[in-house]
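# A structural walkthrough
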Amino acid sequence: MPYFLPETETDPVLTACRGLALAHPDRLALSEKPLYLTATSPDPGRRVALVSGGGSGHDPLHTGLLGRGGLDAAAPGGVFASPHNGQIFAASLDVHHGGGVLHIVKNYTGDKINFGIAAERLHARGVEVATVEIADDIASADAGAGRRGTAATVVVEKILGAAADTGMGLYELADLGRAVAAASRSLAVCARPHTNPASLRPAAMLPPDMLDYGVGIHGERGASSIARPRVQDLIRRMLSDLTADTPTSPDGVILVVNGLGGTSHLELQAVAAIAAEQLHERGERVAAVLTGTHTAALDMAGISLTLTALAPGWLDWWQAPADTPLTAWPGAAAPPQPAAPAASPRTPLPRRLPGSRAALDRYAEIISHVRDALGDLDQAAGDGDFGDNLTGGLRGALARVDATGEDGLTAAAHVFLDEVGGTSGPLFGLLFQHLGAVTAGCPDGQRPALSALAKALADGTTAIQRVGGARMGDRTLVDALAPAAQLLSVKREDDPAAITTAALAAINGARGTADMLGGRGRSSYVGKRALGTPDPGAIGAALLLIALADTYEPEMATRLPLPGYVVQPATRP
């Protein structure tokens, strides 16, 4: 159990990164705001910077491969949450030296969105960026979002690290990484789910005589639960499923036996021996074996097996020397550094007219009342942090308004794009960015021009779809935003209830997601288990429309249902 993680107020991820940097002062440098780590002594022949990252709790993934023969930078997110795009953007700029940046991204919605936004920002700075996406988990092959990215990430990062040190160019490296990713498949099982670090209770209950087959590294339940077989029989079943989906190669395979955080090295080594023997019996040549905990799911008691079908030259890169925390003995701890002096308090700028933050105030008030209910909705299809993330982002936006005098939704755009991680944070940031451009010119709560507001809502929705790939019916915030934007676009300027009517369309769209199977995002992995519970992102978007109606059409907005009703699970006979 993760008893020794510091309390949330002390930022356990930042504290852990400080510990890693202390243990490897000759290899790593730490940036705390925004949070990322960089390799301090890259190979002089390297032209392209390799940047990766993802949720914490998977350690030593990413940060363990920083250094020569590995990554140039890694951006760690919260536990099981993607890093925000501001971290990735800053880390990429830090290590970019003119040859381009290659992003190595696991196929999770939050990771893809945040790396995608970071890439857009880098392109705007004139930095060449290419992306390698890793999607190796066969248990999620039929999910709407496709195969998850899991332990094959270690193989891709190690091979690319060695190849980059030869001076290989950006697009040649990108092609190599995509080929390695395409040749890799993984499958994971667990005997005990991970421990929720907040409650110190198991995230799910699994009988002692059962295994979850096909689990995810964010603690997602397996596609099925099976009676616990003998280890030899379990490995035989896993290898049968893997070899049926892994490309074949005369050069053999790399076998990775990975612990999910709560499995002993003794068990992993035994599994490696059994798996290698069974692969030999199948006629497979095992060219290399990696055993250990490399891609954890916090403290889950489980294992994953990864097979990578080798192509000529890959094995040499796999076996090339690397000077990283994962493969080298740690150096002496660095002496503690004095704390940086506190920044001088910013002198608040003159506040705009009161209406400039009215919509943000109302939205923050609504979310504060339903935060826990939003978390409960998110728990049904994800990790339960949506309410807390949304509340924290809005609190930061209000503080920014006080410090800068910005329009409320403009301030929210800055905070959600640069500081709020996960999947929903930057998507809401894109929406706030478009809406803020309209509300900023409307002091004293005066309603914006409907045509401008309708265009902003439509453009924000389109941007969200462009980055996240969601469509109507995929069980996302698009199911709330798209009908609201469509309805608002046909309203007359003198309609006193235009935003109220659009809010009602958003509520109906959001509530309707309770009957949808997820086509994008984490809910696509849990299938029917999410039915009956509306999507929290869609509900959050509908509540934003309610806040706009309350602000700009207060008399008409009394027709809308109360937020406490909107967040309730669907009623079923």
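Residues numbered from 1 in each chain as written. Predicted model: local features only at pLDDT ≥ 70, side-chain atom pairs only at ≥ 80, totals over all residues. Heavy atoms only, no water.

## Side note on the overall build of the chain
Defined as follows: Helical segments are the DSSP runs of H or I of at least four residues, strand segments are the runs of E of at least two, and each set is numbered from the N terminus. Relative accessibility decides the category of a residue: with a 1.4 Å probe and only protein chains considered, values under 20% of the type maximum give buried, values over 50% give exposed, and everything between is partly exposed. What makes two residues a contact is simply this: any of their non-hydrogen atoms within 4.5 Å. Values of accessible area rely on a 1.4 Å probe in the Shrake-Rupley scheme; residue burial ignores everything except the protein chains shown.
Along the backbone of the chain there are 18 helices and 12 strands. The proportion of buried residues among the 573 residues of the chain is 55%. The long-range fraction of contacts in the chain, counting pairs at least 24 apart against all pairs at least 6 apart in sequence, stands at 74%. Carbon and sulfur atoms make up 54% of the accessible area of the chain, which amounts to about 23,400 Å² in all.

## Remarks on the environment of Glu 365
Examined against the element boundaries, Glu 365 turns out to sit in helix α9 (residues 358–379). For the pair Glu 365 and Leu 394, spaced 29 residues apart in sequence, the C-alpha to C-alpha distance is 9.5 Å.

## A closer look at the pattern of salt bridges
Two side chains bearing opposite charge may form a pair once their charged atoms approach each other closely. Our working definition: Each reported salt bridge corresponds to a side-chain nitrogen of Lys or Arg within 4 Å of a carboxyl oxygen of Asp or Glu.
Enumeration according to the criterion identifies 26 salt bridges in this entry. Taking the shortest distance from any N to any O, the salt bridge between Asp 165 and Arg 46 comes out at 2.8 Å. Of this pair, Asp 165 sits in the loop between α4 (152–164) and α5 (170–182) while Arg 46 sits in the loop between β2 (35–39) and β3 (49–56); the two residues are 119 residues apart in sequence, bridging distant segments of the chain. Neither Asp 165 nor Arg 46 differs from the other in exposure class; each is buried. Salt-bridge contacts for Asp 372 lead to Arg 371; the nearest nitrogen and oxygen are separated by 3.6 Å. One network of salt bridges, in which partners are shared, links Arg 46, Asp 72 and Asp 165.

## Here's the deal with the pairing of strand β1 (residues 28–32)
Quick note on the threshold: By the convention used here, strands pair only if DSSP detects at least 2 bridges between them.
As paired elements, β1 and β2 share 5 bridges and run antiparallel to each other. Within the sheet, the bridge partner assigned to Ser 31 lies in β2 and is Tyr 36. Connecting β1 to the antiparallel partner β2 that follows it, the hairpin turn spans 2 residues.

## A short note on the sheet that holds strand β11 (residues 286–292)
Put simply, the rule is: Note on geometry: axes are C-alpha line fits, over the in-contact stretch for helices, and angles between N-to-C directions span 0 to 180 degrees.
Spatial ordering of the open sheet is given by β9-β8-β7-β12-β10-β11, a layout of 6 strands whose pairing is mixed. Each of the sheet's edge strands pairs with one partner strand only, and the pair in question is β9 (224–227) and β11. Put simply, the sheet's adjacent strands are angled 20° from each other on average, direction ignored. Together, β7 (184–192) and β12 (301–309) form the strand contacts of α5, whose direction differs from that of β7 by roughly 50°.

## What about the sheet that holds β3?
Strand pairing within a sheet occurs via backbone hydrogen bonds; the two strands may be parallel or antiparallel. Read across the sheet, 6 strands follow the order β1-β2-β4-β3-β5-β6 without closing on themselves; strand pairing throughout is mixed. Two strands close off the open sheet at either side, each with one partner strand: β1 and β6 (129–134). Each neighbouring strand pair of the sheet contributes to a mean axis angle of 20°, computed without reference to strand direction. Direction of pairing for β2 relative to strand β4 (residues 73–79): antiparallel, over a ladder of 2 bridges.

## Overview of the pairing of β12
Most of β12 sits inside the fold, with 9 of its 9 residues counted as buried. Of the two faces of β12, the one lined by Ala 301, Ile 303, Leu 305, Leu 307 and Ala 309 and the one lined by Gly 302, Ser 304, Thr 306 and Thr 308 are each fully buried. One ladder, built from 8 bridges, connects β7 with β12; its direction is antiparallel. Within the sheet, the bridge partner assigned to Ala 188 lies in β12 and is Ser 304. Both strand β10 (residues 253–259) and β12 contribute to a ladder of 7 bridges, which runs antiparallel. If you follow Val 253 over to β12, its bridge partner there is Ala 309.

## Some thoughts on the layout of surface pockets
Using the following cut-off: Here a cavity is any set of points on a 1 Å grid over the protein atoms alone where a 1.4 Å probe fits but cannot get out, and a pocket is any open set with protein on both sides within 12 Å along at least 5 of 7 lines; a residue lines the site when it has an atom within 4 Å of a point. Grid points are joined across faces, edges and corners, and a volume is the space filled by probe spheres set on the points. Under the grouping applied here, Gly and all other residues not named as nonpolar or charged are polar, the nonpolar ones being Ala, Val, Leu, Ile, Met, Phe, Trp, Tyr, Cys and Pro and the charged ones Asp, Glu, Lys and Arg.
By volume, the second largest pocket is sized at about 510 Å³. Looking at the lining of the second largest pocket, the elements with two or more residues in it are α3 (109–124), β6, α11 (408–418), α12 (424–439) and α13 (450–468). Here the lining of the second largest pocket takes 9 residues from α3, the largest share from any one element. Looking at the lining of the second largest pocket, its residues break down into 10 nonpolar, 7 polar and 6 charged.

## A look at α9
Our working rule: To estimate how far a helix should reach, multiply one less than its number of residues by 1.5 Å. Fitting one axis to the seven residues ending at a residue and another to the seven starting there, the bend at that residue is the angle between the two axes.
With 22 residues, α9 should reach 32 Å at 1.5 Å per residue; the first-to-last C-alpha distance of 31 Å fits that figure. Bending of α9 peaks at approximately 60° at the position of Val 370. Within α9, burial applies to Ala 359, Leu 360, Tyr 363, Ala 364, Ile 366, Ile 367, Val 370, Leu 374, Gly 375, Leu 377 and Asp 378. Check the buried side of α9 and you find it contacts α10 (386–404), α11, α12, α17 (536–552) and α18 (563–566).

## Some remarks on the packing of helix α14 (residues 478–488) against helix α15 (residues 498–512)
To keep things clear, this is the line we draw: Each angle receives one of four descriptions, namely roughly parallel if under 35 degrees, roughly antiparallel if over 145, roughly perpendicular if within 65 to 115, and oblique otherwise. In this scheme the crossing of two helices becomes right-handed for a clockwise turn of the near helix relative to the far one and left-handed for an anticlockwise turn of less than a right angle.
At a closest axis distance of 7 Å, the pairing of α14 and α15 adopts a crossing angle of 150°. Looking at the two axes, α14 sits roughly antiparallel to α15. For α14 against α15, the interelement crossing comes out right-handed. Contacts between α14 and α15 involve Asp 479, Ala 480, Pro 483, Ala 484, Leu 487 and Leu 488 from the former and Ala 498, Ile 499, Thr 501, Ala 502, Ala 505, Ala 506, Gly 509 and Ala 510 from the latter. Of the residues assigned to the contact of α14 with α15, the class counts are 11 nonpolar, 2 polar and 1 charged.

## Brief notes about unusual backbone geometry
Cis geometry marks the peptide bond from Lys 33 to Pro 34, where omega comes out at -5°. Topologically, Pro 34 is positioned in the loop between β1 and β2. Cis geometry is adopted by the peptide bond preceding Pro 60, which originates at Asp 59 and carries an omega value of 15°. You can see Pro 60 is positioned in the loop between β3 and β4. Backbone geometry at Phe 80 places phi at a positive 60°, although glycine is not the residue there. Looking at where Phe 80 falls in the secondary structure, it is placed in the loop between β4 and α2 (85–95). Even without glycine at this site, Arg 475 takes up a positive phi of about 65°. By the element assignment, Arg 475 lies in the loop between α13 and α14.

## Some details on the packing of α12 against α17
The contact between α12 and α17 brings their axes to 12 Å, and the two run at 15°. The angle between α12 and α17 places the two elements in the roughly parallel class. In terms of crossing hand, the pair formed by α12 and α17 is right-handed. Side by side, α12 and α17 meet where Phe 428, Leu 431, Phe 432, Leu 435 and Thr 439 of the first sit next to Gly 537, Gly 540, Ala 541, Leu 544, Leu 548 and Tyr 552 of the second. For the contact of α12 with α17, the residue count by class is 8 nonpolar, 3 polar and no charged.

## Description of the packing of aromatic side chains
Selection criterion: Ring geometry is summarised as follows: Phe, Tyr and Trp rings, the Trp one being its six-membered ring, pair when their centres sit within 6.5 Å, and such pairs are stacked at plane angles under 30 degrees, edge-to-face over 60 and tilted between the two.
Across all of its chains, the model carries 4 aromatic pairs by this definition. Geometrically, the ring pair formed by Phe 386 and Phe 428 is tilted, given 6.3 Å between the ring centres and 45° between the ring planes. Taken together, the residues span a long stretch of sequence, with Phe 386 in helix α10 and Phe 428 in helix α12 at a distance of 42 residues. Residues Phe 386 and Phe 428 agree in their burial class; the two are buried. A centroid spacing of 6.2 Å and a plane angle of 45° characterise the contact between Phe 428 and Phe 432, whose relative ring orientation is tilted. Of this pair, Phe 428 and Phe 432 both sit in helix α12, separated by 4 residues, roughly a single helical turn. On the basis of relative accessible area, Phe 432 is assigned to the buried category, the value being 0%.

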